[in-house]
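# An overview of the molecular structure
One-letter residues, chain by chain:
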Amino acid sequence: MSRARVRWNAQPANRAARAGALRGLRIGGEHLLEVSNGRVPIEEATLERSGTVTVDEANLDTIVSYDTPYAIKQHEDQELRHDEGREAKFLEKSLDEEGAVILDLIAAQIRRSLRG
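Note that this is a predicted model, so its numbers are computed, not measured.

Cut-offs applied
- Residues numbered from 1 in each chain as written.
- Predicted model: local features only at pLDDT ≥ 70, side-chain atom pairs only at ≥ 80, totals over all residues.
- Heavy atoms only, no water.
- Buried < 20%, exposed > 50% of the residue type's maximum accessible area, 1.4 Å probe, protein only.
- Helix = DSSP H or I, 4+ residues; strand = E, 2+ residues; numbered from the N terminus.
- Pairing = 2+ DSSP bridges.
- Axes fitted to C-alpha atoms, helices over the stretch in contact; angles between N-to-C directions.
- Parallel < 35°, antiparallel > 145°, perpendicular 65-115°, else oblique.
- Left-handed = near helix turned anticlockwise from the far one by under 90°.
- Nonpolar A, V, L, I, M, F, W, Y, C, P; charged D, E, K, R; others polar.
- Core = buried A, V, L, I, M, F, W, Y, C linked by side-chain atoms within 4.5 Å.
- Contact = heavy atoms within 4.5 Å.
- Phe/Tyr/Trp six-rings, centres within 6.5 Å; stacked < 30°, edge-to-face > 60°.

Our next topic: the pairing of strand β1 (residues 52-56). Judged by which residues are buried, β1 turns out to be one-sided: V53 and V55 face inward and are buried, whereas T52, T54 and D56, on the alternate face, are not. Sheet topology places β1 next to strand β2 (residues 61-65); five bridges connect them, and they run antiparallel. Its bridge partner being in β2, D56 is matched across the sheet by D61. Adjacent in sequence and paired antiparallel, β1 and β2 are bridged by four residues, among which L60 carries a positive phi angle near 55 degrees.

Turning our attention to the packing of helix α1 (residues 11-37) against helix α4 (residues 90-115). Any two packed helices are characterised by how steeply their axes cross, that is the angle between the axes, and by the distance between the axes. The geometry of α1 relative to α4 is characterised by a closest axis approach of 7 Å and an angle of 150 degrees between their N-to-C directions. Comparing their axes, α4 and α1 come out roughly antiparallel. Pair α1 / α4 crosses with right-handed handedness. For the contact of α1 with α4, the class distribution of residues is 18 nonpolar, eight polar and two charged.

One finds L47, V64, Y66, F90 and L91 to be the most contacted residues of the largest nonpolar core, which totals 15 residues. In contact with L47, not counting residues within four places along its chain, are V40, P41, Y66, T68, Y70, A71, Q74 and F90.

Using the criterion set out here, one finds one aromatic pair in the structure. With centroids separated by 5.2 Å and ring planes inclined at 85 degrees, the aromatic side chains of Y66 and F90 adopt a geometry described as edge-to-face. You can see Y66 sitting in the loop between β2 and α3 (71-76) and its partner F90 sitting in helix α4, a full 24 residues away along the chain. Judged by its relative accessible area of 12%, Y66 falls in the buried class.

Turning to unusual backbone geometry, a few remarks are in order. Unlike most non-glycine residues, L60 shows phi in positive territory, near 55 degrees. For L60, a relative accessible area of 33% gives the class partly exposed. The backbone of K89 shows a phi angle near 60 degrees, a positive value even though the residue is not glycine. Locating K89 in the fold gives a position in the loop between α3 and α4. Given a relative accessible area of 14%, K89 falls into the buried group.

With that settled, the discussion passes to the environment of A21. Assignment of secondary structure puts A21 in helix α1. Once the C-alpha coordinates of A21 and L95 are considered, the two residues, 74 residues apart in sequence, prove to be 18 Å apart. Contacts of A21, omitting those with residues within four sequence positions, involve L60, I106 and I110.

Dropping the structure here:
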């Protein structure tokens, strides 16, 4: 019976997986922002234009946010009236509906990175 010795160097695979995850987080965040922008209340499009995606590379987190003084009120106050197709909870509802798609986008980028 022959024996073989295998030495596994996981660092390149870990680096590739992390790079893919970061790319996937950016793509997933951009997807969420695009879907959310289709629902965001719109008067002059200031709220929509304030939307940003930030990827925290240290913690592998993505933050999708809107930066206007009234963004929180527009998101949370369900009593406000909005144009057809525009609504409160625009970011939250988009994440609820697109969560699986976002996970698939991240996974696809990790797989792509690991292929080399």
